[in-house]
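So you can see what is in the structure, the chains are spelled out below.
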Amino acid sequence: MSSVVIIGAGHAGTQVAVSLREMGFEGKIQLIADEPHLPYQKPPLSKGFLNGKQTVENLLFRNEKFYDDNQIELVLGEEIVAIDVENKIVKAESDKSIPYDTLVLATGARNRKLSIETKCEVLYLRDLTDAQRLKSALENAQNIAIIGGGFIGLEVAASAAEAGKNVTVIEAQDRLMARVLPPVLSEIFLTRHQEMGVKVLLNTKLSSEELSAFDLIVVGIGVLPNQELAAAAGLECHNGIVVNEYQMTSNSVIYAIGDCANHFNVFADKRCRLESVQNAVDQAKIAASHILGNAIPYHAVPWFWTNQYDLKLQMAGINTDYDNYAFRGDLGANRFSIFYYKNEKIVAADSLNRPADHLAARKLLQAGATLSKEQVQDINFKLTDVLN
């Protein structure tokens, strides 16, 4: 009977274990995590968990009984340090050797580190231990610097501002979330943070001495893929572990999924890594299918979201390459969507407090359908009518 070993128990790793069982796999499944906790969700760490609305129990994907009932062996608190591809064995730091027939790498990504030294306490947010440490530090700190105006940094800023802290966001670029948002949305988020008392410094890099004036520094300046294990084993890596459309690496019995996987994305029309729950879950299902002999290529619509105060932004598709756009809804009330076009075809949509538009956009993109700008702008026109 064959065995599948999965390294990493985040959204991607846990989903591939669950999907294998749901799809009828009867062999041995071992899910290995370097953390001691049961597998848990990460997005709430910067939102609900940080502001006290969610507990550790709320974060768990499943309880321990689920894994027992489905014969998914959890190997917790075990760091894998090497892959012996010739003998099909992974080696743990504890000297344990675990054999595999099929190996799935769901090793995720890690935070980029701040390059300057400061006397102030510096924290990052990636896992539950980070979140617990940050939650405790936020309770005791009053003047907080957030370095990085991306999703994580701004979500932490929002949680801290709502808790009555003095928050300063320091962003090296000329606007917030510049990598993923157009100027109109950057401006709305900037205004909302300022209304909540957050000081936002754009085009700014503070010195070590200037940063020492704060009680606490939280850094969110991007991530790096955890590809070292794969690279040392001789797998092809380039900004992540290179995979084909079935999530297979350059070794035919090893798969990579989630934040660590570099795949060709049909919506971006290039190779990339996507750091999102949707991508992790969808790639896990593709890998599980392929392990069981069903070759279904990965063509899922990418989607992302961020919640900051009363602003819920949902993104579908990849909006980095467009030549036109159309608005739908009420800009003044912060309830609108932007549909992006390339060669008169919709390639992405950002929806602010308009969840129905977001769901419709995902369906349109998946079907390869498009709408005229006039249809988008007409709020009485049902977006999904073109699918019938």
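This text gives an overview of the structure that appears in the document. (Residues numbered from 1 in each chain as written. Predicted model: local features only at pLDDT ≥ 70, side-chain atom pairs only at ≥ 80, totals over all residues. Heavy atoms only, no water.)

**Regarding the overall build of the chain**
Along the backbone of the chain there are eleven helices and 23 strands. Whereas a compact globule of 388 residues would reach a radius of gyration of roughly 21 Å, the chain reaches 22 Å, a difference of no more than 12%. Seen through its principal axes, the chain has C-alpha atoms that stretch 60 × 60 × 35 Å. Here the chain, with 388 residues, has 53% of them falling under the buried criterion. Taking the contacts inside the chain whose residues are at least 6 apart along the sequence as the reference set, 61% of them involve residues at least 24 apart. Entry remark: accessible area of the chain is about 17,700 Å², with carbon and sulfur atoms responsible for 47%. (Helix = DSSP H or I, 4+ residues; strand = E, 2+ residues; numbered from the N terminus. Rg over C-alpha atoms; globule rule 2.2 N^0.38 Å. Buried < 20%, exposed > 50% of the residue type's maximum accessible area, 1.4 Å probe, protein only. Contact = heavy atoms within 4.5 Å. Areas by Shrake-Rupley, 256 points an atom, 1.4 Å probe, with all protein chains shown as cover.)

**Some thoughts on the packing of helix H1 (residues 11–22) against helix H9 (residues 277–291)**
For the pair H1 and H9, the least separation of the axes is 8 Å and the interaxial angle reads 35°. For the element pair H1 and H9, the recorded crossing hand is right-handed. Of H9, the residues touching H1 (which contributes His 11, Ala 12, Gln 15, Val 16, Ser 19 and Leu 20) are Val 277, Ala 280, Val 281, Ala 284, Lys 285, Ala 287, Ala 288 and Ile 291. (Axes fitted to C-alpha atoms, helices over the stretch in contact; angles between N-to-C directions. Left-handed = near helix turned anticlockwise from the far one by under 90°.)

**Topic: the pattern of salt bridges**
In this structure the tally under the stated criterion is twelve salt bridges. The closest approach of N and O atoms between Glu 195 and Arg 192, which form a salt bridge, is 3.1 Å. Of this pair, Glu 195 and Arg 192 both sit in helix H6 (residues 183–195), separated by three residues, roughly a single helical turn. A salt bridge links Asp 321 to Lys 342; its shortest N-O distance comes to 2.7 Å. Of this pair, Asp 321 sits in the loop between strand E20 (311–317) and strand E21 (324–330) while Lys 342 is found in strand E22 (residues 335–342), placing the two residues 21 residues apart along the sequence. For Asp 321, a relative accessible area of 46% puts it in the partly exposed group. Bridged by salt links that share partners, the residues Arg 192, Glu 195 and Asp 310 form one connected network. (Salt bridge = Lys/Arg side-chain N within 4 Å of Asp/Glu carboxyl O.)

**Topic: the packing of aromatic side chains**
Summed over the entire model, instances satisfying the criterion amount to six aromatic pairs. Ring geometry for Tyr 322 against Tyr 325: centres 6.5 Å apart, planes inclined by 80°, an arrangement best described as edge-to-face. Classification of Tyr 322 by relative accessible area gives partly exposed; the value is 30%. By relative accessible area, which is 41% here, Tyr 325 ends up partly exposed. In this structure, Arg 62 packs its charged tip against the face of Phe 66, placed 4.2 Å from the ring centre. The ring of Trp 303 has Arg 362 sitting right over it, with the charged end atom 4.0 Å from the ring centre. (Phe/Tyr/Trp six-rings, centres within 6.5 Å; stacked < 30°, edge-to-face > 60°. Lys NZ or Arg CZ within 6 Å of the ring centre and 35° of its normal.)

**Some details on the nonpolar core**
Counting residues in each nonpolar core, the largest one holds 49 residues, and the members touching the most others are Leu 134, Val 169 and Leu 216. Top contributing element to this core by residue count: helix H5 (residues 151–162), with six residues. Non-local contacts of Leu 216, meaning those with residues more than four positions away in its chain, are made with Cys 120, Glu 121, Leu 123, Leu 134, Ala 137, Leu 138, Ala 141, Asn 143, Ile 144 and Ala 145. By size, the runner-up hydrophobic cluster in this structure holds 25 residues, among which are Ala 9, Ala 12, Ala 17 and Phe 25. (Core = buried A, V, L, I, M, F, W, Y, C linked by side-chain atoms within 4.5 Å.)

**Structural notes on the pairing of E21**
Bridging between E21 and E22 involves seven bridges; their strand directions are antiparallel. The partner of Ala 326 across the bridge, within E22, is Phe 339. Between the end of E21 and the start of E22, which pair antiparallel, lie four residues, with Asn 334 showing a positive phi angle near 55°. (Pairing = 2+ DSSP bridges.)

**Some remarks on the environment of Leu 128**
Position of Leu 128 among the secondary structure elements: in helix H4 (residues 128–140). Taking the C-alpha atoms as reference, Leu 128 lies 8.9 Å from Glu 35; in sequence the two are 93 residues apart. Setting aside residues up to four positions removed in sequence, Leu 128 forms contacts with Glu 35, His 37, Tyr 40, Leu 45, Phe 49, Val 56 and Leu 59.

**So, the state of the cysteines**
The full count for this structure, using the stated rule, is zero disulfides. Free of any disulfide, Cys 260 has its nearest neighbouring cysteine sulfur in Cys 237, separated by 8.9 Å. For Cys 260, a relative accessible area of 0% translates into the label buried. (Disulfide = S-S within 2.5 Å.)

**Brief notes about the environment of Tyr 40**
By the element assignment, Tyr 40 lies in the loop between strand E2 (28–32) and helix H2 (56–59). Here the alpha-carbon distance between Tyr 40 and Gly 10, two residues 30 residues apart in the chain, equals 6.6 Å. Contacts of Tyr 40, omitting those with residues within four sequence positions, involve Ala 9, Glu 35, Leu 45, Leu 59, Leu 60, Phe 61, Asp 127 and Leu 128. A polar side-chain atom of Tyr 40 sits 2.8 Å from a polar atom in the side chain of Glu 35. (Polar contact = N/O pair within 3.5 Å; in protein donor to acceptor, adjacent residues only side chain to side chain.)

**Here we look at the sheet that holds strand E10 (residues 143–147)**
The five strands lie next to each other as E9-E13-E10-E11-E12, forming an open sheet whose pairing is parallel. Two strands close off the open sheet at either side, each with one partner strand: strand E9 (121–124) and strand E12 (199–201). Taken pair by pair, the neighbouring strands of this sheet meet at an average axis angle of 20°, ignoring direction. Pairing analysis gives three bridges linking strand E11 (residues 166–170) to E12, with the strands arranged parallel.

**A short note on the sheet that holds strand E17 (residues 261–265)**
Ordered by their spatial adjacency, three strands build an open sheet running E15-E17-E18, and the pairing between neighbours is mixed. Edge strands, defined here as strands with exactly one partner in the open sheet, are strand E15 (241–242) and strand E18 (270–272). Inspection of the sheet shows E17 paired to E18 by three bridges, in the antiparallel sense. In the sheet register, Phe 264 faces E18, and the bridge partner there is Arg 271.

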